[in-house]
Every structure is written in C-alpha cells, then in structure tokens.
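Residue-level structure breakdown
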Amino acid sequence: QVQLVESGGGLVQAGGSLRLSCAASGRTFSSYAMGWFRQAPGKEREFVAGINWSGGITYYASSVKGRFTISRDNAKNTVYLQMNSLKPEDTAVYYCAGERRGGVAVTTNGYDYWGQGTQVTVSS
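Just so we're clear, the structure is a prediction, and the values are computed from it rather than from any experiment. (Residues numbered from 1 in each chain as written. Predicted model: local features only at pLDDT ≥ 70, side-chain atom pairs only at ≥ 80, totals over all residues. Heavy atoms only, no water.)

What about the sheet that holds strand E3 (residues 18-24)?
If you walk across this open sheet you meet the four strands as E1-E3-E8-E7, and the pairing is antiparallel. Edge strands, defined here as strands with exactly one partner in the open sheet, are strand E1 (4-7) and strand E7 (68-73). Neighbouring strand axes in the sheet, compared pairwise and without regard to direction, differ in orientation by 15° on average. (Pairing = 2+ DSSP bridges. Helix = DSSP H or I, 4+ residues; strand = E, 2+ residues; numbered from the N terminus. Axes fitted to C-alpha atoms, helices over the stretch in contact; angles between N-to-C directions.)

Topic: the pattern of salt bridges
Taken as a whole, this structure holds six salt bridges when the rule is applied. Note that Arg-38 and Asp-90 form a salt bridge whose closest N and O atoms lie 2.9 Å from each other. Placement of Arg-38 in strand E4 (residues 33-39) and of Asp-90 in the loop between strand E8 (78-83) and strand E9 (92-99) is noted, with a sequence separation of 52 residues between them. Assigned by exposure class, Arg-38 and Asp-90 land together as buried. Linking Arg-101 and Glu-99 is a salt bridge whose minimum nitrogen-to-oxygen distance equals 2.8 Å. Given the relative accessible area of 56%, Arg-101 is considered exposed. The class of Glu-99 is buried, set by a relative accessible area of 4%. Residues joined by salt bridges that share partners form a network here, namely Arg-38, Glu-46, Arg-67 and Asp-90. (Salt bridge = Lys/Arg side-chain N within 4 Å of Asp/Glu carboxyl O. Buried < 20%, exposed > 50% of the residue type's maximum accessible area, 1.4 Å probe, protein only.)

Concerning the state of the cysteines
For the coordinates displayed, the defined rule picks out one disulfide. With a sulfur-sulfur separation of 2.1 Å, Cys-22 is cross-linked through a disulfide to Cys-96. Since a negative S-S torsion denotes a left-handed disulfide, the Cys-22-Cys-96 link at about -75° is left-handed. You can see Cys-22 sitting in strand E3 and its partner Cys-96 sitting in strand E9, a full 74 residues away along the chain. On the basis of relative accessibility, which here comes to 0%, the residue Cys-22 falls in the buried class. (Disulfide = S-S within 2.5 Å.)

A short note on the nonpolar core
Counting 33 residues, the largest nonpolar core has Met-34, Trp-36, Val-79, Leu-81, Met-83 and Tyr-94 as the members making the most contacts within it. Contributing elements (two or more residues each) for this core: E3, E4, strand E5 (46-51), E7, E8, E9 and strand E11 (118-123). Not counting residues up to four positions away in its chain, the partners in contact with Val-79 are Leu-20, Ser-21, Cys-22, Phe-29, Met-34, Trp-36, Ile-51, Ile-70, Ser-71, Arg-72 and Cys-96. (Core = buried A, V, L, I, M, F, W, Y, C linked by side-chain atoms within 4.5 Å. Contact = heavy atoms within 4.5 Å.)

Here it is in structure tokens:
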C-alpha cells in the first residue's frame, strides 16, 4: 500500500509560479509511474502531467506543455510539479497519483493510488 500526500498549493497571481510536491510512503515508489491530475469545480478530473518510474519519460497535457514540469526524486520518494506562467484557468484541486506498472497513464483509471489533493488558486 502506498500513501501519497500533496503539498505546495496556494493562492498566486496570474503569471506567477508554484511548486507542488507529493511525498510517497512505501519502499516501492521508485518502481511506480506518477502523475498529476486536476479537477476544477463542476468539471471532470483531468490529466496534467506524468512521469515514468525512472524519470526518463514524461507526458504533458497540451494546456500545460511548456509551462509545467514534472520531476521526481526517488531517493526522497517525492514527485514534483513546477508550475510557471500560471493562468486563472489553472485554478483547481491538484491530485498526485501512483501507478504500479511503471508506465505513464493519462487517464484516471490507469492509476492505483491517489493523494487527497491540494488547492491551487490563480487570481487574475
């Protein structure tokens, strides 16, 4: 069993930056693919970014590509999401997710473990 805890959310002005962190428990973190999703009020949860077990493969939603960067530190059991040039439409609850098979999935049903989420609010 893996537990995921997100941190780093908050309120930021448009054009600003935030870095989200997701700390994972368990000794098998380094074999998991990890992803970030977000869910805005009244909308479905959507894929933001994903990274494979080694960090060598990453995927991004088109809406964040070039602005967000996903990375991981397996020694610290942590995955990060660096968010730059934030826009009001990035406002959402951001969730960290873990996938046991190691390959990056872009849909919610591809992930086995989820964090509780952290709120990101971007003001205009």
